[in-house]
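If you want the building blocks of each chain, they are given just below.
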Amino acid sequence: MDLWIKILSFYLIFFIGFLVGVLGLEKINFKVFDEIYFIEQAYNYFEKKDYFDGHPPLAKIFYAFLFYLWGKENYFPVRVCWLIISSLLGPLVFLWVLEKTKDYSWSFLAGFLVNIESFTLFFRKFLLLEIPWLVLSFLALYFLARKKYYLFFIFAGLGLSTKWFSLFFLFPFALIELQNLPLKKIITGFILMLIVYFLIFEIHFLLINNKFKIYFVDFLKYNLIMLVAHQSYPSYSILLSTFVLGWPFGVKPISYMQIYAFPNILIFWLIVIAIIYSLFRFNRLPLFLQYLILGYLFYFIVIFFIEILRPGWIYFYLGSLILGMIILSFFLKKNFYYLIPLTFFSAFLLPATSYTQFLGIEKIIFQKLDSFLSDLDIFFRNLGILLGFRWF
């Protein structure tokens, strides 16, 4: 493929993702959803005050840097800067799929879907943890596909330094791609990944304490506490949690101050159909598509077992969702007209993520959809009870 077409496609996916994300952003001058934690933790770096989050500190360090540039409480320019970075998610998916398949239609559709899907859009707009680890993970996968192994391990370490989910997301692809690499290189790369992970904590402690030293004991203590913390949960999380088997069906949306992380259920449900269909003809599928399905299932099984240990939320599913959109795109390239209702429905849901009121019949349709997914949530919570998930 000509280089200029590749560059044009990259920027087209980026600008589409940015434009749908910036809509209504100037009106949201308050913290949204888990920003109430992560923004306050970012502010702690200014006050030299330690904090514990339950997740590694890289994203909060970066958000602190953005607030340092623009000033505390100045949400709009900080979110715009973040949106510029988060809008790279779709282009990175495009580059990775293109590198692995040389299939332009599949690659472009995958990147396009990722940047317009409404649930993912919510997390791209705000200062949360899900998109940072996904952006870093796809950078790692891109370098892995290019056989730049040390860069893969560096970005894997950065993804891990944002959220441990990155490790589960990358593992099946690394297992496949690195199997022919000499053991010495794998061990060296793994050590490099751990060094990157440790250095992020060094930066964290340096910023908090304003004093350089090797904080190895603090590093071990922090990670041990994180491990224990993930096996405990606040009581309110039971009410907010949803059953893992409902997540592929969009159960249930997250809402905060009339802003919704509302899934494009057409995309969600078509992914489920595509996965089931693919499993019945698995051996006849292209090899990369097989890898994607295995990656989707592996990540989903991991989050399934996580919810056995503790309550979970639909955003845990984001890793599988992104892989699912890439899988779905393989089938859409043969039936391009299906893209029209998927795009239209994402456009219809834009007010839900943009602090904008639905009008007239649109409001009634949205309320019916929200009510439908709430009813599905009851069904899946009862299913969770039957299967012995004690949270419900």
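The structure reproduced in this document is the subject of the present report.

Reading the values: the criteria
Residues numbered from 1 in each chain as written. Predicted model: local features only at pLDDT ≥ 70, side-chain atom pairs only at ≥ 80, totals over all residues. Heavy atoms only, no water. Core = buried A, V, L, I, M, F, W, Y, C linked by side-chain atoms within 4.5 Å. Buried < 20%, exposed > 50% of the residue type's maximum accessible area, 1.4 Å probe, protein only. Helix = DSSP H or I, 4+ residues; strand = E, 2+ residues; numbered from the N terminus. Contact = heavy atoms within 4.5 Å. Salt bridge = Lys/Arg side-chain N within 4 Å of Asp/Glu carboxyl O. Phe/Tyr/Trp six-rings, centres within 6.5 Å; stacked < 30°, edge-to-face > 60°. Lys NZ or Arg CZ within 6 Å of the ring centre and 35° of its normal. Patch = residues over 30% accessible without salt bridge, like charges linked within 9 Å, V, L, I, M, F, W, Y side chains within 5 Å. Areas by Shrake-Rupley, 256 points an atom, 1.4 Å probe, with all protein chains shown as cover. Axes fitted to C-alpha atoms, helices over the stretch in contact; angles between N-to-C directions. Parallel < 35°, antiparallel > 145°, perpendicular 65-115°, else oblique. Left-handed = near helix turned anticlockwise from the far one by under 90°. Nonpolar A, V, L, I, M, F, W, Y, C, P; charged D, E, K, R; others polar. Expected span 1.5 Å × (residues − 1). Bend = angle between axes of the 7 residues up to and from the residue.

**Description of the nonpolar core**
Step number 1: Of all hydrophobic cores here, the largest spans 144 residues; its most connected members are W96, F123, F138, L292 and I326.
Step number 2: Among the elements that take part in this core, helix α8 (residues 130-145) stands out by supplying 13 residues, more than any other.
Step number 3: Discounting residues that sit within four places of it in the chain, F123 has contacts with F33, W82, L128, E130, I131, I254, A261, Y315 and L318.

**Quick notes on the pattern of salt bridges**
Step number 1: Evaluation of the coordinates by the stated rule reveals 10 salt bridges.
Step number 2: K100 is paired through a salt bridge with E177; the nearest N and O atoms lie 2.3 Å apart. With K100 in helix α5 (residues 89-101) and E177 in helix α10 (residues 165-177), this residue pair connects regions lying 77 residues apart in the sequence.
Step number 3: With relative accessibility at 27%, the residue K100 sits in the partly exposed group.
Step number 4: The partner of E130 in a salt bridge is K163, and the shortest N-O contact between them spans 2.3 Å. One end of the pair, E130, is in helix α8; the other, K163, is in the loop between α9 (149-160) and α10, with 33 residues separating them in the sequence. Per residue, the accessibility class of E130 equals that of K163, and both read buried.
Step number 5: Where salt bridges share partners, they join E47, K49 and K72 into one cluster.

**Side note on the packing of aromatic side chains**
Step number 1: Tallying each qualifying case throughout the model produces 70 aromatic pairs.
Step number 2: On the basis of an interplanar angle of 75 degrees and a centroid distance of 5.7 Å, the ring pair of Y277 and F331 is categorised as edge-to-face. Here Y277 is found in helix α14 (residues 265-280), whereas its partner F331 is found in helix α16 (residues 318-332), with 54 residues between them in sequence.
Step number 3: In this structure F331 comes out as buried when scored by relative accessible area, which is 16%.
Step number 4: The interplanar angle of 85 degrees and the centroid separation of 5.2 Å between the aromatic rings of F330 and F331 together place this pair among those described as edge-to-face. F331 matches F330 in its accessibility class, with the two residues each being buried.
Step number 5: When the ring centre of Y43 is taken as origin, the NZ or CZ atom of K72, which lies over that ring, is 4.8 Å away.
Step number 6: Directly above the ring of F165 sits K163, whose terminal nitrogen or CZ lies 5.0 Å from the centroid.

**Remarks on a nonpolar patch on the surface**
Step number 1: There is a patch of nonpolar side chains on the surface, built from L3, I7, Y11, F15 and L19 and spanning about 540 Å² of accessible area.
Step number 2: Assignment of secondary structure puts F15 in helix α1 (residues 3-22).
Step number 3: With a relative accessible area of 47%, F15 lands in the partly exposed category.

**Describing the environment of K102**
Step number 1: Checked against the element boundaries, K102 lands in the loop between α5 and α6 (104-116).
Step number 2: The class for K102 is exposed, based on a relative accessible area of 63%.
Step number 3: Sequence separation of K102 and S371 is 269 residues, and the distance between their C-alpha atoms is 42 Å.

**What to know about the packing of α5 against α8**
Step number 1: At a closest axis distance of 9 Å, the pairing of α5 and α8 adopts a crossing angle of 25 degrees. With respect to α8, the axis of α5 lies roughly parallel. Judged by the sense of rotation from one axis to the other, the crossing of α5 with α8 is left-handed. Facing α5, whose interface residues are L89, L92, V93, L95, W96, E99 and K100, α8 presents I131, L134, V135, F138, L139, L141, Y142 and A145.
Step number 2: Its residues assigned to classes, the contact of α5 with α8 comprises 13 nonpolar, no polar and two charged.

**What to know about α10**
Step number 1: Between its first and last C-alpha, α10 extends 19 Å over 13 residues, near the 18 Å set by a 1.5 Å rise per residue.
Step number 2: At F171, α10 shows its maximal kink, close to 40 degrees; a proline, P172, follows between one and four residues later.
Step number 3: Listing the buried residues of α10 in full gives F165, S166, F169, L170, P172, F173, A174 and E177.
Step number 4: The inward-facing, buried residues of α10 abut α5, α8, α9, α15 (287-309) and α16.

Spatial relationships are all this shows, so hold off on functional conclusions.
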